[in-house]
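# Per-entry structural report
The lines below spell out each chain.
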Amino acid sequence: MTFSTKIAFLGIGLMGGPMVRCLLRAGYSVTIWNRTHSKAQLLRAAGAQPAISIAQAVNGADVVISMLEAGPIVAQVLQDALPALRPGAVWIDMSSTRQSEAQQFHAILQAAGHAFVDAPVSGGVGGAQAGTLAIMAGASAGDYARVEAILAAMGSPTLVGPPGSGQVAKLCNQLIVGATLNIVAEALLLAQAAGADAAAVRAAIRGGFAESKILEVHGQRMLERNFVAGGQVKSQIKDMHNILAAAEAAHVTLPVTQLVTQRYETLAATHPTADHAAALLALEALNPDQRLGSGPDQLS
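Described below are features of the structure shown in this document. Per chain, residues are indexed from 1 in the order of the written sequence. Residues qualify for local features only when their pLDDT is at least 70, as the model is predicted, and side-chain atom pairs are given and counted only at 80 or more; totals for whole chains, interfaces and linings, by contrast, use all residues. Values shown for side chains rest on all heavy atoms present in the structure; no hydrogens or waters enter the calculation.

In this description a helix means any DSSP run of H or I spanning at least four residues, a strand means any run of E spanning at least two, and both kinds are numbered starting from the N terminus. Helix and strand content of the protein: 13 helices and nine strands. Radius of gyration: C-alpha atoms only; globule rule: 2.2 Å multiplied by the number of residues to the exponent 0.38. In summary, the protein has a C-alpha radius of gyration of 20 Å against a globular reference of 19 Å for 300 residues, a match within 12%. Counting only C-alpha atoms and orienting by the principal axes, one finds that the protein spans roughly 65 × 45 × 35 Å. The buried share of the protein, taken over its 300 residues, is 49%. In this analysis, two residues are considered to be in contact whenever any of their non-hydrogen atoms come within 4.5 Å of each other. For the protein, long-range pairs separated by at least 24 residues make up 66% of all intrachain contacts whose partners lie at least 6 apart in sequence. When charges are tallied, Lys and Arg are placed among the positive residues and Asp and Glu among the negative ones, while His and the ends of the chain are skipped. The atom standing in for a charge is NZ when the residue is Lys, CZ when it is Arg, CG when it is Asp and CD when it is Glu. Looking at the protein, you have 19 positive and 20 negative side-chain charges, and the mean spots of the two groups are 8 Å apart. Partly exposed describes any residue whose relative accessible area lies between the buried limit of under 20% and the exposed limit of over 50%, with all areas from a 1.4 Å probe on protein chains only and scaled to the type maximum.

Pasting the structure below:
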């Protein structure tokens, strides 16, 4: 597909907004829709064309990209859009859904003469703004080739298998992220409780086998007690539940993931919109005499 390709982008949230800006910077024509219309209007100055309805947004689009909260919302938006899709349109769902939902979307679109790519992302708001998202695509080789350049405008895409496989890759990513966040919190709290300088311990172990993006970014967030949302607790819990559903479907047991899910569920009632680095807060609740650092909690 070329820069004359018309794109409809559905869902202008924390991630969708900067992703649209990347597409505009790459020279694509983008029509946008959001349930809260005022959010879409904010991107008019950047060159996007806000649409009042889903049907208006997708009318004439060669490619439709959805970046929505969860599978059931994607399903509803897809049904609303389906009558207005041009023949042979490609739908790229970049939301995080269940594998079974992605496979269902593929079946619905294929039956109607359209193509489907599930392409969830990792990298957070920072990655979306910088255009450096890790993009995990599930599609046929032919359908992926049609949209690879569009995906590359937002990050680094990789074809990981047939439709539904993108969601599997994202779940594997979130499994590692969720578990590592909890382990980093435990390491830093242990360092301080045992009498070491937690910030110095983090610096000392970086570059060794314990190094990770989580230790780099979220380890610093924990030391600063900065829990202003990038990836939210409620989103992490949704991902953890989807991981366990995929594990059940694949007939595998993931004991550590089950425990990590429980740790996030303890945060759901009190800090659902905090950054998922708030795993530290759940850990501190188990250790009421311990608190990492001395600064106030930043939650908004």
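So much for the structure itself; the text now carries on.
Once that is clear, we can look at helix 9 (residues 198-205). Looking at where helix 9 begins, the residue whose side-chain oxygen comes 3.0 Å from the main-chain nitrogen of alanine 199 is aspartate 197. One or two residues past the end of helix 9 sits glycine 207, with phi positive at roughly 95°. What qualifies as a polar contact is a pair of N or O atoms within 3.5 Å, subject to a donor-acceptor requirement within protein and to the restriction that residues adjacent in sequence count only when both atoms come from side chains.

Below, the discussion takes up the packing of aromatic side chains. For any pair of aromatic rings, the description consists of the separation of the ring centres together with the inter-plane angle of the planes. Paired rings are identified among Phe, Tyr and Trp, the last through its six-membered ring, by centres lying within 6.5 Å, and are further divided according to the angle between planes into stacked (under 30 degrees), edge-to-face (over 60) and tilted (the rest). Inspection of every chain in the model, using the stated rule, returns one aromatic pair. Centre to centre, the rings of phenylalanine 105 and phenylalanine 116 are 6.2 Å apart; their planes meet at 70°, and the pair counts as edge-to-face. Of this pair, phenylalanine 105 sits in helix 5 (residues 99-111) while phenylalanine 116 sits in strand 6 (residues 115-118), and the two are 11 residues apart along the sequence. By relative accessible area, which is 1% here, phenylalanine 105 ends up buried.

The next subject is the nonpolar core. Core analysis: the biggest nonpolar cluster contains 37 residues, and Phe9, Leu23, Ile65, Ile92, Met94, Leu151 and Met154 have the highest contact counts within it. At five residues, helix 1 (residues 16-25) tops the list of elements feeding residues into this core. Aside from chain neighbours lying at most four places away, what touches methionine 154 is Phe9, Met19, Cys22, Leu23, Ile65, Met94, Gly127, Gly131, Thr132, Leu133 and Ile135. Put simply, a nonpolar core is a bunch of buried Ala, Val, Leu, Ile, Met, Phe, Trp, Tyr and Cys residues held in one set by side-chain atoms that sit within 4.5 Å of each other. Grouped together as the second largest cluster of nonpolar side chains are 31 residues, Leu223, Val260, Leu280 and Leu283 included.

Positionally, alanine 153 belongs in the loop between helix 7 (141-152) and strand 9 (155-161). Residues in contact with alanine 153, not counting those within four places in the same chain, are Cys22, Leu23, Ala26 and Tyr28.

With that settled, consider the pattern of salt bridges. Basic side-chain nitrogens of Lys or Arg form a salt bridge, by our definition, when they fall within 4 Å of a carboxyl oxygen of Asp or Glu. Applying the stated rule across the entire model yields eight salt bridges. The partner of arginine 221 in a salt bridge is aspartate 275, with the nearest N and O atoms 3.8 Å apart. Note that arginine 221 is positioned in helix 10 (residues 213-224) and aspartate 275 in the loop between helix 12 (255-268) and helix 13 (279-286), a separation of 54 residues in sequence. When sorted by exposure, arginine 221 lands in the same class as aspartate 275, which is buried. Here glutamate 284 ties to arginine 225 by a salt bridge, and the two come within 2.8 Å at their closest N and O atoms.

Here we come to the layout of surface pockets. A water-sized probe rolled over the atoms picks out the places where empty space is left. A cavity here means a set of points on a 1 Å grid, drawn over the protein atoms and nothing else, where a 1.4 Å probe fits but cannot get out; a pocket is an open set with protein on both sides within 12 Å along at least five of seven lines, and a residue lines either one if it has an atom within 4 Å of a point. Grid points are joined across faces, edges and corners, and a volume is the space filled by probe spheres set on the points. Counted as a void, the second largest pocket has a volume near 150 Å³. In terms of lining, the second largest pocket is formed by Thr180, Ile183, Val184, Ala187, Leu188, Ile205, Ala210, Glu211, Ser212 and Leu215. Top element by residues in the lining of the second largest pocket is helix 8 (residues 165-193). It accounts for five residues. Note that Gly is not counted as nonpolar here; it falls among the polar residues with everything else outside the nonpolar set of Ala, Val, Leu, Ile, Met, Phe, Trp, Tyr, Cys and Pro and the charged set of Asp, Glu, Lys and Arg. A per-class count over the lining of the second largest pocket returns seven nonpolar, two polar and one charged.

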